[in-house]
Each structure stands twice: as structure tokens, then as C-alpha cells.
Amino acid sequence: MALAFLDRWKQGLAKTRQNLQSRLDWLRGVAGRRLDQELLEELEEALILADVGPQTAGNIVARLQEKAAREGIREACDLKEILRRILVEILSQGVPAPGPCPQAPRVIMVVGVNGVGKTTTIGKLAKRWVDEGSAVLLAAGDTFRAAAIEQLEIWGERARAQVVKHQSGADPAAVIYDALQAAKARGSQVVLADTAGRLHTKMNLMEELKKIKRVMGQVVPTAPHEVLLILDATTGQNAVSQVRLFHEAIGVTGLVVTKLDGTAKGGILLRIVDEFRLPVHYVGVGESPDDLREFDPEAFADSIL
Amino acid sequence: MFEALTGRLEGIFQKLRGRGLLTEENIREGLREVRLALLEADVHFTVVKQFVERVRERAVGQEVLKSLTPGQQVVKIVHEELIGLLGVNHVPLAFAQQPPTLIFLVGLQGSGKTTTAGKLALWCREKGRSPLLVAADVQRPAAAAQLATLGEQLKVPVLTPKPGAKPVEIAREGLSRARKQAHDVVLVDTAGRLHIDPDLMAELKEMAAALRPHEVLLVADAMTGQDAVNSATAFHGGVGLTGIILTKMDGDARGGAALSIRAVTGQAIKFIGVGEKLDRLEAFHPERIASRILGMGDVLSLVEKAQQAVELENAERLARRIREDKFTLDDFRLQLQQVKRMGSLEQIMEMIPGFKKLKGVQPDERELVKVQAIIDSMTAEERRDIAVINSSRKRRIAMGSGTQAHDVNRLLKQFTETKRLMRQISRAGPQGLGKMFPGLRGS
Ligand SMILES: Nc1nc2c(ncn2[C@@H]2O[C@H](COP(=O)(O)OP(=O)(O)OP(=O)(O)O)[C@@H](O)[C@H]2O)c(=O)[nH]1
Ligand SMILES: [Mg+2]
């Protein structure tokens, strides 16, 4: 246990060092350079490579140019600092505002396309809140994918959270109904509802989500208190379409970005935060229960650059 | 979003109309649009750069075909280059001379390996083979249970690991079980892993070195962005990929990752996944993906075919007649002749979005001959206005064309139906008929 922790700490340090190194390299690369077209193109390239998208990248660089002109910036190093500030400014719109804590049970519906990390994120959240002393209940709302229920149960054991389930193939809304009833009866503080992965373009499956949401409201009038959309950091421009269609269908209240422990930067988040003004609650950085972090605009911007 | 690429390019090239030659100058703006479209489709930055360069080289100095606008001409080059890059032919799975064929499925977390393993098992069985599924994912909770459930649904045996077994041991056991039980394909589902995870990549390498699979297929999500290049390169360098399967193609992702992965690995895209059900696996067709990346449906290949056959004048006339609702059997006959020159009718129908519904309505190719004969046996008046065709006229026409009265009836019905549909399509605007025949637009 202690060793595992040390390992992770070491890894974390190594990663920070890498980041620092690459930043230093970059700075060395541009030191003494002047603001010119080539430099701007390089910056745009870096943004596109981070999945910011060509249009947003273009807009950001235009803003950068304008700002640089206004502030009389000529040095490349200073330019980069301005760019960083612009990114942080955009991303800061995604920092969740502290809201009032709703009456228990607080019901959180977790949705997203296939394989983005819904179940894993639920496991991590459950672990975190149980460790903080809350009574957490997991609702096995993915009755479609093979062994999805078993997967959630394993996470339930890891996190020491109760799981309410039906059989595979059952009506997900019925599971959710039972889970919320159980939560009320048992005095659970948080309910995390898993749902089957679905492509946002499938109308019938989006209807199913609406039904699940309605059923939640029947048991707990103010539920769901959160609708969390999980996004995979490796996703490119399609993430925008995911947010738009999930949001239109069921009203997303917040985002979680997973798989940021890889080499993908998740730059599409810039466009999403700017366009939809949705808070980013957490980021996923691995497959272990503790690999969940609060969203930090500065760190996110640094990793993009 | 970019259904409009062709349209945008046309706008840019409008001023060029009739000038004849594509030059560095006059295609610059167009290539910028192409670049944007590809980036928006998630094709990797460097791949886009090289690609646009190649298109430029090819385009400059080309003469604009008579039947195409300069915009269409550039799109045509772009499209051809895309297909060239994606690989022209479908590359099937390589089955071993000496069965069993060993196939590894590898990739990032959540890309769809397990489902794809199930789909491939079904595909193999339908090809008359006897697959064995092997659950070598010991990382993700309940991964083995997931594969076991799929196997049950398919009635395909699944080897699930004993607790504590290492993936290489599991795969080896699968191989020996296959030999014993006469399975000729072994499909190994491996754990999802990050390409920068040193331990898990080493494990995969070890598996490949020990068991020498015939196929190592990278399962990649069609929605992947720029990072596709990093992961594909690492997996290829680590274990040597032999092919790619692109999943979740049933959504609205443009699938530019296909291009990136193909460019950096040089391996063929063998299948695409188009749904959660286990029969939703399709052979890869470069044409379709190329059009999708550019955002213009298969209409583009139709443009190509049509361009060879349809004369501008006729097409324009046809468009006018449809719009003015003056479409007659004369026009119908003319159209049939053109269609015949354009290749298989079925194929053409397939390519027009929304036209699949029309299948039952359209005559099959053999029938075309009959239809032509029937129309030829009508008088000019009858061809102009089918309302005058009473039953005695029908009998005469049938006799004259060596057909039966019900053939004539069917043709008249088809004609009315076609007319109705054409009206609908032409009302749908340039998305419809305008793109069917390139010449139809300007008028
Ligand atoms: N490296 C990494 N892997 C993750 C992260 N989050 C989830 N995963 C992995 O991604 C894969 C898919 O995760 P799931 O939690 O099953 O995803 P899901 O959205 O519930 O999938 P479906 O229910 O099948 O749609 C698993 O292998 C997880 O371990 C993360 O932050 N980093
Ligand atoms: Mg799940």
C-alpha cells in the first residue's frame, strides 16, 4: 500500500519533471526569437495537435496577436505567457462554482458514449466519498452491455459502496427507481447512477435517458441533482457533438474528462467550455480508485502548451 | 458542418469558371478549405500538411474538365488522393496455412476490443470457421465475464482465465485448447492499455514474441483526435500491427483518425464497427470513408460516374423539366439511357442518400430493355402525357413491344412514382438532384 503510493508519487514527479523539461526546451527554442508569422503558426500547430480544433486555434491565435500588439510584446517568451493566460482564462469558465448541498439523497446521473470511463469514474467517485464518510449507493443502470453489472459490483466492493441491481436486460429506469427508493429507505447520502454507453446520435437511446431522468424525479422530486457527462480526452472534434446532443436531450450539468494520463491533451475542452459554459468537475488520470483529480485550469493549460 | 465543403469550394472557384487551368494562385484559397475540413475531421496535423501538398502538386497545371466546375475538380483530386491514402482494396484477414490462426486484438482502454472480438468470432463462424475466444484482459474488472457473456450469446466457446494467470499463459492455453478441440481461429482479447505504459507494453511484446500471432489488429475508436498518431505509432513499434479496425463508426464522427493511423502504420484498415450488436461489423471501403471525411456522402462517386456519361445539355434540360413538373416519358427514356451508360443501376441507387427506399420502385437492369421497348412503342402523344393511355392503347403498346399489359401498367406506375420522388428530391435543393448530375446546378 505504502509502496504503491510512493510509486505513484515518483511517477508524478517524473511527469512534472518531463513537463518542466519540455517547457524549458520550448522556451530555449524560442528564446531570443521575435514575434513573427512563423512563431504564430507554431503556436497554432501546438493548439491543433492538442485537439483544440482548427477554428478555435485560429481564434485564439488571433486574440494572442491582438493582445501582443496592444501590450507591445515582441519577445517569444512573453508571447507564450500571454497565450497561457488566454487559455487559463477560457478554461476558468469551467471551474465549478460551489453550490448549495442538496438534501440527501443527492442523485447523480452519469452518462456518455461507449467506453469513455463512466463506470470507472463512478467507482472513483464512490471511493472518494465513502472515504470522506458518506453513505454511497451505486445504481447498476447499464443493463445492456455484457457484464456491466458485474463491473460495477466490483467497483462497489473496492469503494465499500452498496449496489442496487436488476438482471441483465432489465429496464434501466426500473433499476433506477428501485435504487432511489432504497437510497431513501437506507438514508444514503449519494446515489451514483451508471447508464449504458450510447452514441449521442441514437435517438431511441437518448429517449431512454430522458425516461430514466423522469423516473428519478418521481422518487426524489429534485433529482437528478447532477447529470455528469463523461468525455474521453482522446476524443477529437466529435466531443462537441457529444456535449451538444447529450445536453439537448437531458440537460448536462457538468463534465468529467478521463484518460488524461495518456498523451492526449483533451484540448477540445477549450471549445466546449467556451461554447457551453459547463463546469468540469473532475479529470481522470488512471485506472486506480485514486486516479481522480479536481479540474485545474492552470495545469490543463500547461499540458496543452 | 461540412456537408458544405463542396459548396464552399464551389463558391471560391466560382470566379474561375471557364478559365480552364488550375494554378498555384487560383487554388490557394480552395486548399485552405480542404486543410480546414481535414483538420476538423481530426486528421493529424502533419498528415494534413503532407496531404495538401500532394494535392497542390497534382492540381496545379491541370485543365478543368468540361463537365466539372473547378471546385468539383479539386474535390475530385482530393477524393482520389484520400482513397489512395486509405488503401484502394479491401484487405481480408490473413488466415494461417496451418490452423489455428492466432489473432490478437490490441488498443487503448475503451476502444471496443471486447465487443469487436465477439463480432469477429461471429464473422469467422459465418465464413465457415470455428473460432475460440480467449479472455486475456486481466486488468479491467469483469472483462472476462463480458467476453464470456458474448460467447454465450454467440454459442462460441470462451476461454476465461484462472485467477492470477498471466496474459501470455492464457493465450498459450487458448492455442493449445484450439489445437485439441479443432478450432481454426483463436481470437485473443487483450487488456486496454496506454501506449506509454511501459509495463503493459512490455507484457504485450512478450505475448507477441512468445506466440507469434498471425494478425495483430489495432482496435481504434473512430472519434479519436490528434493522439491517434501517437498511440498507433507506439503500438505498431511495440508489437507490429498487421491491421486496423475502426469502431463506433455508426456515430457522427468524421473518422479522420483512419487517415492518421493508416499514414503512420501503413497497415490496412480491415473492418469498421457500425453498431453495438454483434453483427454490426463491415468490411472497410476506402471510398465511403474518404467521402465521409470530406463530408459529402457517396454522392461524390456518383458525380464521377455521371461526369463520364451525362451530357451537360441533357442534364440541364432534365433538371428544368423536373423543376417545372414537365417530366415526361420521353425524358424518362433519355434518363434511362444515361443511367445505362453510367454502370450498374443498383450501384448508382446505393450511392444516392435516401435512395435506398427507391429500390422496389426502380426497374432492375434486365427490365431496362423491356422498359425501353415499351416506351418505344408509344406514340409521341402518349409519351408526352400518359393520361391518354387507356386500356386499348395499353394492349396495342404491349403487343408492339412484345410485352404484357401488366408490364405496361407497371411501367406507368413506376413512372408516376419516379416523378413524384424526383420532385421531392429536387425540392430538397442542391443536396438532391443537383449533385446527382453535375450539370444540373447552374441552371
Ligand atoms: N488510462 C485510463 N483509463 C481509464 C480512465 N478511466 C477509465 N479508463 C479505462 O477505460 C476503459 C473503459 O472504462 P469504463 O469505465 O468501463 O467505461 P464506460 O464508459 O463505463 O464503458 P461502457 O459502459 O462500456 O460504455 C476501462 O478499461 C477503464 O479502466 C482514465 O482516466 N485513464
Ligand atoms: Mg460502463
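Conventions used here
Residues numbered from 1 in each chain as written. Chains lettered and ligands numbered in written order. Predicted model: local features only at pLDDT ≥ 70, side-chain atom pairs only at ≥ 80, totals over all residues. Heavy atoms only, no water. UniProt positions renumbered as here; feature names shortened; annotations may be inferred. Pairing = 2+ DSSP bridges. Helix = DSSP H or I, 4+ residues; strand = E, 2+ residues; numbered from the N terminus. Axes fitted to C-alpha atoms, helices over the stretch in contact; angles between N-to-C directions. Contact = heavy atoms within 4.5 Å.

Looking at an unreviewed UniProt entry, chain B carries the name Signal recognition particle protein, with the source organism given as Tectimicrobiota bacterium. On record in UniProt, under Subunit (unreviewed entry), the comment for chain B is "Part of the signal recognition particle protein translocation system, which is composed of SRP and FtsY." In its Sequence similarities (unreviewed entry) section, the UniProt entry covering chain B states "Belongs to the GTP-binding SRP family. SRP54 subfamily."

Under an unreviewed UniProt entry, the name given to chain A is Signal recognition particle receptor FtsY, and the source organism is Tectimicrobiota bacterium.

Residue and element names in this part refer to chain A. Sheet architecture is open: eight strands sit in the order β3-β2-β4-β1-β5-β6-β7-β8, paired in mixed fashion. The open sheet has two free edges, formed respectively by β3 (162-164) and β8 (292-294), since each of these has just one partner strand. Averaged over all adjacent pairs, the angle separating strand axes in this sheet is 25°, with direction ignored. Packing against the sheet, helix α8 (residues 203-219) makes contact with β1 (106-111) and β4 (190-193), and its axis sits at approximately 175° to β1. Across the sheet, helix α9 (residues 238-250) lies against β1 and β5 (226-232), angled at about 165° from β5, the strand it touches most.

Okay, unusual backbone geometry next. Glycine aside, a negative phi is what most residues show, and trans is what most peptide bonds show. Here the bond from A223 of chain A into P224 of chain A is cis, since omega is -5°, no more than 30 degrees from zero. With respect to the secondary-structure elements, P224 of chain A resides in the loop between α8 and β5. For the bond from P99 of chain B to P100 of chain B, the omega torsion is 5°, close enough to zero to count as cis. Note on placement: P100 of chain B falls in the loop between α4 (70-86) and β1 (101-106). Backbone geometry at K259 of chain A places phi at a positive 65°, although glycine is not the residue there. Along the chain, K259 of chain A falls in the loop between β6 (254-258) and α10 (268-276). A positive phi angle, near 60°, is found at K248 of chain B, a position not held by glycine.

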